[in-house]
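Working through the structure, step by step
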Amino acid sequence: MIILSVEDVRKTYVGGETPVEAVRGVSLSLAAGDFVALMGPSGCGKSSLLHLCGAMDRPTAGRLRIETADLAQLNDDQLTKLRRERIGFVFQFFNLLPTLTVRENITLPVLLAGGDVTAAERRAGELAERVGLTHRLRHYPQQLSGGEMQRAAMARAIIHEPALLIADEPTGNLDSENGARVLNLLGELNRELQLTILLATHGAETAAAAQRIIRMRDGKIASVETTSAIEEPTPRAFV
Amino acid sequence: MRLFRQFIWRHLAQEKLRSCATVLGIALGVAVVLAIQMTNASSVRGFEKAIETVAGKTSLEIVGAGAGFDELLIKDLGWLRTYGQVSPVIEGDAEITLADKRSESLRVLGVDILRDRSLRDYQLRANAETQTASARQFLQLLSDARSVILTEKFTRKHKLNIGQTVELTFADKAEPYTVRGVLKDEGPARTMDGNFALLDLASAQWAFHRLGRIDRLDVRLKDAAQLAAAERAIAERLPAGLRVQRPARRGSQVEKMLAAFHFNLTALSYIALLVGLFLIYNTVSISVITRRAEIGTLRALGATRGTVLALFLAEALALAVIGCSLGLLFGRVLSFGAVKLTATTVNALYIAAAAEPPPLAWQHVWIAFGLGLPLSLLAAAVPALEAARVAPTAAMRGSDHLISRFRLRARYVVLPLCLLAAAWWFARQPAVNGLPAFGYASALAIVFGAAFLVPAVLFALGRLGDKPLFRLFKIEGRLANANLAGAIPRISISVAALAVSLSMMTAIAVMIGSFRETVVYWVNQTLVADLYLRPATRHNVATDAVFSPEVERIVSAHPAVAAADRFRNFDIAYGGGLVTLGTGEFAKQEAHGHLLFKAPTGAEAGKAAIRSCIGQDAVIVSESFALKYATQVGDVISLTTPQGDRTFRIAAVYYDYSSDRGIIVMDRGTFTKYFGEPQATSLTVYLRPGADADAVREDLLRQFGSNYRVLIYTNASIRQEVLRIFDSTFAITYALEVIAIFVAILGVATTLLTLILERKREIAVLRLVGADRRQVRKMVVIEAGLMGAVSQSVGAGVGLLLSLVLIYVINVQSFGWTIQFRVPWGFLAQSSLLILLATALSGLYPARRASQLQTAEEVVEE
Ligand SMILES: Nc1ncnc2c1ncn2[C@@H]1O[C@H](COP(=O)(O)OP(=O)(O)OP(=O)(O)O)[C@@H](O)[C@H]1O
Ligand SMILES: [Mg+2]
């Protein structure tokens, strides 16, 4: 089943003095259970593409579909609904709310969607155990280490069982040990829950965890390579 | 300077809304202080100016101990002429009825014109008809008793001509008068802005029912330089019962009388300024907090601590200069409203005041800036000093958006407790010079105590609020509560400012509510007569308008009247100020009246005390007299009578809420013995059982016909009138309060807006993990409402404490009234709801801004 399909998408930022063409005609497609890494030099448009894929931003041109939904057809509220039900996010700077405890941070997406509190808290407990944070549930983010924060952010990203996880340099701010731990977790989630992951990174080791690596340059896809020996459905990437 | 432009000015320009709100806050604060200043000045200055213009070249005046003195005494004062020119004077207020049936007040001077011209400049207007020598015209005034001279300004305004007939009402009597001349706009003609009339002495005596009496002798010294010596010499030679004084003395007496009223208004006006200063403090601290890293960079680049301090003080200064300038303008505008609001009270309770605030003068500019700028700098000094302490390394720490959590330290609880203890001590100190200085110190200590308690309350809310808020408002409630708990250092100031204003409002509401209850009770107990009569021109107790003997006769002769208590009062000098000396018929009072006695207690004991005064040198005094002059039952007070100083025993102290100046009342018999037969200034009428008050009123009015202008209140309408005056007295109080609260809510809104802009990233994350715009909006509005709720709960609690100080300390020391403490629960509930709504509404704009933030950029950009 296709989770994400991107067809000839472009993004031009017109905010500044000269328009910046950050994404210049990218097409790709992710099936359920795919784990794809985006690589490329700084400024090549990775983050921009992730924002588009995560329904955080609208493309200047091209088509984006997440599962059955055509993003162009959705208004802001519908996009919000889509995000909170089908997509999870992990970022370089953790982005936990400093005023909420770890448990409250993790349950946030469910509660925002109007979900049940006790169920959410039970699930947060399970996820915390899985990411090794059970003893930290009552703490505030600033009392945690970087690695712990990122793991909390991952728990928050998957508590609502999203179809697609968007991760923008999730290991960028971590030491290699913690980075490896986060990567392991991503791999586990991908394998065990068939979670579809789209990840942007600078690090080759990070990218190695993915099944497929897409290299970008100047807003375009430069090459696609498959890392795992396992036979996967042929990636449909158009350059 | 360049640094200032780059670093502060641009920042202020960027933060337009917050800068504007701050400027507006200071402007309103300064404006309120100025407006009250001008209003107070207008009532006293109006009075003093009238004295001055009427006084002309008068250097000394001889006054009697009672209401004026017998003109026969003048014969024995021939020696006065060796000191200078002497002129006997009658002065009073009359009403003129104009063609369109409206009437206006006139200040009337009755003099012996030919003699008086050496004291005052009268210039008759010379026009075609009045080519004749002015001396002849002045003599014409003498020839006809019903002649009057008006001023040029007045005649022009009302299109009156010489020879025309106008209707003048003196006390209760309306008579036609002929305009015989017009005074040029000079000298005394400027009195009361031209509402001035000149009469012959004899006509004035007749018109005011003062036959054979004069109000005073004005003296113009030959050698004005010898004023002090002459005053002393004259004082020595004057017989008992006469006094010499300078005209300005009357002004200072009035000033003293109004002092407490003005002091309280002034104190109240400073609340608004205080809140405005909170806003400056708030703005500067926010800019220091949010720009720590920038300050660090500046320091790293070589800016000294002094430079940083100067920068932030300059920020405050810039805001304050604009605020004060605007405040000057606003103040002028507000003063018109304030004069209107206070006029009823001042007129009803004290003096006929000028109805216009003074024009803007340098002195006001001086007040605005002399007060606004230093206080603003002081308010900004604390955060500016904090800015100066920022280390250069603050720049390096980089993304320190993970603010350290607020920790509840002991001082957040100990300091407020210390202040409350201080307040307790202050509250027990006596008045200073008749002004409740310590009372206000106590109030101030309570207010600051409350302000310093706010962080602790916010902390407690953060701890305990999660569960109930989550249940009430779902996840948005939890987020709002967490946001506030995380921002305690930043929101404390604005919450405290709002709490302070609200506590003042609560306190004042409780005080007024209690006072009103007390007055209503008093009115119901003591105002038991069926009809109350007064001459039409008697607008306040100070107006010396007496009834015509004919009116008194008609009333006593009416078959339905069981008793008519003839009451007379006028102001006498006592203890450096003015008190009211009154006289009534104690036998009638004992039989029909229902005074409430403070001492001796009990209605029967009170009646016995009244009875004991009859035929004795004994008086009863009002509670405010007893408190002001620290006297009690059994004490002996000394009064100056026309027969010299006499002592009177105080037989009872009674409750009275009609005036705060202190009242001494003696029986008619006693009064007559020392002051001569009194003419009544008011009549209290008790009807026979079964008589219909309204019918009797109609009947009396019919008998008075058009000759006599008498106001007759029935029991119901006098009660209404008392409460109307009461309510109007406090109208200004509420107006001042509303402004202070408005300014405080402004503070909450700007703080919230700043918080939102600071929290952009967090809000973006929220949006990312699934919050829609509506949820973000709801969260911010709840935050605003929570700030309002905390403010109101602290405000209401502290307000109750404050009201105790107001009622039992400040009121007692400045007015001398006993007020029964009552909590107006209805008002508290209503105002709480209103404040909650108002603050929540003030959160709408920040909420909209928050919900419109773009999601993608904020998260990624560091
Ligand atoms: N909101 C924006 N407005 C204008 N230009 C933008 C915006 N966001 C990104 N850009 C520009 O688009 C280009 C691509 O940026 P993007 O952040 O996608 O690169 P990146 O591959 O994620 O780089 P990095 O590896 O440094 O994260 C850059 O030139 C950037 O300056
Ligand atoms: Mg990037």
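Model, not experiment: these values are computed from the prediction.

1. Focus on the overall build of chain B
Scanning chain B for helices and strands turns up 27 helices and 21 strands. Viewed in the frame of its principal axes, chain B has a C-alpha envelope of about 100 × 65 × 50 Å. Expressed as a percentage of the 862 residues in chain B, the buried residues total 56%. Within chain B, contacts between residues at least 6 apart in sequence are counted, and of these 82% link residues at least 24 apart. By element, 60% of the accessible surface of chain B is carried by carbon and sulfur atoms, the whole surface being about 35500 Å². Between the mean site of the 91 positive side-chain charges and the mean site of the 71 negative ones, chain B shows a separation of 8 Å.

2. Focus on the overall build of chain A
Helices and strands together make up the secondary structure of chain A, namely seven helices and ten strands. A compact globule built from 239 residues would reach a C-alpha radius of gyration of about 18 Å, and chain A, at 17 Å, matches this within 12%. With respect to the principal axes defined by its C-alpha atoms, chain A has extents near 45 × 40 × 40 Å. In chain A, which comprises 239 residues, the proportion classed as buried is 54%. Contacts in chain A between residues at least 24 apart in sequence constitute 70% of all its contacts with a sequence separation of at least 6.

3. Describing the packing of aromatic side chains
Residue and element names in this part refer to chain B. Under the defined criterion, the tally for this structure stands at 17 aromatic pairs over all chains. Ring geometry for Trp425 versus Phe438: centroids 6.3 Å apart, planes at 90 degrees, classification edge-to-face. Highlighted residues: Trp425 in helix H12 (residues 411-427) and Phe438 in helix H13 (residues 437-464), separated in sequence by 13 residues. Assessed through its relative accessible area of 49%, Trp425 is described here as partly exposed. A connected cluster of aromatic rings, assembled from ring pairs, spans Phe170, Tyr177 and Phe208.

4. Thoughts on the site of ligand 1
In the region of ligand 1, 13 residues are neighbours, and A:Ser42, A:Gly43, A:Lys46, A:Ser47 and A:Ser48 sit closest. Mapping the residues near ligand 1 onto chains gives chains A and B. Here an oxygen atom of ligand 1 and a backbone polar atom of A:Cys44 are 3.3 Å apart. Separating an oxygen atom of ligand 1 from a side-chain N or O atom of A:Ser47 is a distance of 2.7 Å.

5. What to know about the pattern of salt bridges
Scanning the model with the defined rule gives 44 salt bridges over all chains in all. Among the ionic pairs, A:Glu188 bridges to A:Arg130, the shortest N-O distance being 3.6 Å. Taken as a pair, A:Glu188 in helix H6 (residues 176-193) and A:Arg130 in helix H4 (residues 117-131) lie far apart in primary sequence, 58 residues in all. The class of A:Arg130 is partly exposed, set by a relative accessible area of 32%. Between B:Asp185 and B:Arg190 there is a salt bridge, with the nearest N and O atoms lying 3.9 Å from each other.

6. Overview of the sheet that holds strand S10 (residues 220-226) of chain A
Residue and element names in this part refer to chain A. What the six strands build is an open sheet, ordered S6-S7-S8-S3-S9-S10; its pairing is mixed. The two strands at the open ends of the sheet, each matched to only one other strand, are strand S6 (87-91) and S10. Sheet twist, expressed as the mean angle between neighbouring strand axes with direction ignored, is 15 degrees. Bridge analysis of strand S3 (residues 35-39) against strand S9 (residues 212-217) gives four bridges, and the strand direction is parallel. Within the sheet, the bridge partner assigned to Leu38 lies in S9 and is Ile214.

7. Some details on helix H9 (residues 292-300) of chain B
All of the buried residues along H9(B) are B:Ile295, B:Gly296, B:Leu298 and B:Arg299. Down the axis of H9(B), the smallest arc covering the buried residues is 160 degrees, so these residues share one side.

8. Observations concerning the side chain of B:Asp772
By the secondary structure assignment, B:Asp772 is in the loop between helix H23 (760-768) and helix H24 (773-814). The side chain of B:Asp772 sits in the buried core without any salt bridge; A:Arg84 is the nearest counter-charge, 4.0 Å away. Apart from the residues lying within four places of it in its own chain, the contact partners of B:Asp772 are A:Asp77, A:Thr80, A:Arg84 and B:Arg767.

9. Focus on the sheet that holds strand S4 (residues 61-66) of chain A
Residue and element names in this part refer to chain A. Read from one edge of the open sheet, four strands run S2-S1-S4-S5, paired in antiparallel fashion. If you trace the sheet from one side to the other, it starts and ends with strand S2 (20-31) and strand S5 (69-70), each paired once. Looking at chain direction, strand S1 (residues 2-13) and S4 are connected through five bridges and run antiparallel. Across the sheet, the residue bridging to Val6 is Leu64, located in S4. Strands in contact with helix H1 (residues 46-53) are S1, S2 and S4; relative to S2, the strand with the most contacts, it is inclined by about 55 degrees.

10. Things to note about the pairing of strand S5 (residues 147-151) of chain B
Residues and elements named next belong to chain B. Extensive coverage of S5 is indicated by the burial of five of its five residues. Side chains of S5 alternate between two faces, with Ser147, Ile149 and Thr151 and Val148 and Leu150 buried alike. With five bridges joining them, S5 and strand S7 (residues 173-183) adopt parallel strand pairing. Residue Val148 lies in a different strand from S7, and its bridge partner there is Val179.

11. Thoughts on unusual backbone geometry
Across the junction of B:Ala599 and B:Pro600, the peptide omega takes the value -5 degrees, indicating a cis bond. For B:Pro600, the position within the fold is in the loop between strand S15 (597-599) and helix H18 (603-613). You will see that A:Glu67, though not glycine, has its phi angle at about 50 degrees, which is positive. Its place among the elements puts A:Glu67 in the loop between S4 and S5.

12. Things to note about the interface of chain B and chain A
Opposite the 28 residues of chain B that make contact, chain A presents 28 residues. Scanning the region where chain B abuts chain A turns up one salt bridge. The residue A:Glu104 makes a salt bridge to B:Arg478 at a minimum N-O spacing of 3.8 Å. The interface formed by chain B and chain A includes five residue pairs in polar contact (both at pLDDT 80 or more). Every element with two or more residues in the side of chain B that touches chain A is listed here: helix H14 (466-486), H23, H24 and helix H27 (855-860) of chain B. Here the element with the most residues in the side of chain B that touches chain A is H14(B); it accounts for eight residues. Looking at the side of chain B that touches chain A, its residues break down into 14 nonpolar, five polar and nine charged.

13. A word on the side chain of A:His160
Residue and element names in this part refer to chain A. If you trace the backbone, His160 turns up in the loop between helix H5 (146-158) and strand S7 (164-168). From its side chain, His160 meets the backbone oxygen of Ile87 in a polar contact 2.8 Å long. With residues near it in sequence (within four places) discarded, His160 still touches Arg83, Arg84, Glu85, Ile87, Gly88 and Pro109.

14. A word on the domain arrangement of chain B
Residues and elements named next belong to chain B. Taken domain by domain, chain B holds domain 1 (1-55 + 277-401), domain 2 (59-246), domain 3 (403-528 + 716-862) and domain 4 (537-708). Once you take the C-alpha centre of each, domain 1 and domain 3 turn out to be 22 Å apart. Listed by partner, the interface residues are 29 residues for domain 1 and 30 residues for domain 3. On the surface where domain 1 and domain 3 come into contact, there are zero salt bridges. The tally of links between domain 1 and domain 3 comes to zero residue pairs in polar contact (both at pLDDT 80 or more). In terms of residue count, the dominant contributor to the side of domain 1 that touches domain 3 is helix H10 (residues 305-350) (nine residues). When the residues that make up the side of domain 1 that touches domain 3 are grouped by side-chain class, the tally is 17 nonpolar, nine polar and three charged.

15. Comments concerning the environment of B:Thr631
Residue and element names in this part refer to chain B. Structurally, Thr631 can be placed in the loop between helix H19 (623-628) and strand S17 (636-641). Assessed through its relative accessible area of 13%, Thr631 is described here as buried. Distance from Thr631 to Arg156, taken between C-alpha atoms, is 53 Å for residues 475 residues apart in sequence. With residues near it in sequence (within four places) discarded, Thr631 still touches Phe625, Ala626, Ile637 and Ile650.

Basis of the calculations
- Residues numbered from 1 in each chain as written.
- Chains lettered and ligands numbered in written order.
- Predicted model: local features only at pLDDT ≥ 70, side-chain atom pairs only at ≥ 80, totals over all residues.
- Heavy atoms only, no water.
- Helix = DSSP H or I, 4+ residues; strand = E, 2+ residues; numbered from the N terminus.
- Buried < 20%, exposed > 50% of the residue type's maximum accessible area, 1.4 Å probe, protein only.
- Contact = heavy atoms within 4.5 Å.
- Areas by Shrake-Rupley, 256 points an atom, 1.4 Å probe, with all protein chains shown as cover.
- Lys, Arg positive; Asp, Glu negative; His and termini not counted.
- Charge placed at Lys NZ, Arg CZ, Asp CG, Glu CD.
- Rg over C-alpha atoms; globule rule 2.2 N^0.38 Å.
- Phe/Tyr/Trp six-rings, centres within 6.5 Å; stacked < 30°, edge-to-face > 60°.
- Near = heavy atom within 4 Å.
- Polar contact = N/O pair within 3.5 Å; in protein donor to acceptor, adjacent residues only side chain to side chain.
- Salt bridge = Lys/Arg side-chain N within 4 Å of Asp/Glu carboxyl O.
- Pairing = 2+ DSSP bridges.
- Axes fitted to C-alpha atoms, helices over the stretch in contact; angles between N-to-C directions.
- Arc of directions from axis to C-beta.
- Nonpolar A, V, L, I, M, F, W, Y, C, P; charged D, E, K, R; others polar.
- Domains from an automatic or database assignment.

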